[in-house]
Amino acid sequence: MEEKYQLKEGCLTIQMPKELDHHEAGRLKMEAYHVRRLVFDFRETEFMDSSGIGVIIGRCKSMGFSGGEVAATNMNERVKKIFMVSGLQKLIRVDTV
């Protein structure tokens, strides 16, 4: 599955792939937008490895430098556990929808 991007009023929402591994992570790194808010939508994500976690951390740092905000939404129990174990929930606001 290819990522889907939606840019609306300074908020970029990225539909994350089913498997966020090192192959998919490389593609996410290439995207650059000027936004105030970045939302990762994990609706279809079933797997994420350390490369995926690294990309998310990188995006958080980039957004932090520009004063932006990062959020995650639509996480299943597996992705929530990855966030908890990796500490991502301390960096990213988790939206409950």
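Residues numbered from 1 in each chain as written. Predicted model: local features only at pLDDT ≥ 70, side-chain atom pairs only at ≥ 80, totals over all residues. Heavy atoms only, no water.

### Overview of the packing of aromatic side chains
Alright, step 1. In the structure shown here, the tally under the stated rule is two aromatic pairs.
Alright, step 2. When the ring of Phe40 is compared with that of Phe42, the centres are 6.3 Å apart and the planes differ by 40°; the resulting orientation is tilted. Taken as a pair, Phe40 and Phe42 share a single burial class, namely buried.
Alright, step 3. Ring centres of Phe42 and Phe83 lie 5.6 Å apart, and the angle between their planes is 85°; this geometry places the pair in the edge-to-face category. On the criterion of sequence distance, the pair formed by Phe42 in the loop between β4 (37-41) and β5 (47-48) and Phe83 in helix α3 (residues 77-86) is long-range, its members being 41 residues apart. (Phe/Tyr/Trp six-rings, centres within 6.5 Å; stacked < 30°, edge-to-face > 60°. Buried < 20%, exposed > 50% of the residue type's maximum accessible area, 1.4 Å probe, protein only. Helix = DSSP H or I, 4+ residues; strand = E, 2+ residues; numbered from the N terminus.)

### Comments concerning the sheet that holds β4
Alright, step 1. The strand order across the open sheet built from five strands is β1-β2-β4-β6-β7, with neighbouring strands paired in mixed fashion. A strand with exactly one partner marks an edge of an open sheet, and here the two such strands are β1 (4-8) and β7 (93-94). (Pairing = 2+ DSSP bridges.)

### Notes on the pattern of salt bridges
Alright, step 1. Summed over all chains, the structure comprises seven salt bridges.
Alright, step 2. Notably, a salt bridge pairs Glu69 with Arg37, separated by 3.3 Å at the nearest N-O pair. You can see Glu69 sitting in strand β6 (residues 69-73) and its partner Arg37 sitting in strand β4, a full 32 residues away along the chain.
Alright, step 3. Residue classification places Glu69 among the partly exposed positions, given a relative accessible area of 31%.
Alright, step 4. One salt bridge connects Arg37 with Asp95, and the closest N-O pair in it is separated by 3.0 Å. Taken as a pair, Arg37 in strand β4 and Asp95 in the segment after β7 lie far apart in primary sequence, 58 residues in all.
Alright, step 5. Sharing partners across several salt bridges, the network here consists of Arg37, Glu69, Arg93 and Asp95. (Salt bridge = Lys/Arg side-chain N within 4 Å of Asp/Glu carboxyl O.)

### A look at the environment of Met63
Alright, step 1. Mapped onto the elements of the fold, Met63 is located in helix α2 (residues 50-65).
Alright, step 2. As for Met63 and His34, which are separated by 29 residues in sequence, their C-alpha atoms are 9.2 Å apart.
Alright, step 3. If we skip the residues at most four places from it in the chain, Met63 touches Val35, Arg36, Arg37, Leu38, Gly68, Glu69 and Val70. (Contact = heavy atoms within 4.5 Å.)

### Regarding the environment of Gly68
Alright, step 1. Within the fold, Gly68 resides in the loop between α2 and β6.
Alright, step 2. Separated by 33 residues in sequence, Gly68 and Val35 have C-alpha atoms that sit 7.2 Å apart.
Alright, step 3. Beyond its immediate sequence surroundings of up to four residues, Gly68 is in contact with Arg36 and Met63.

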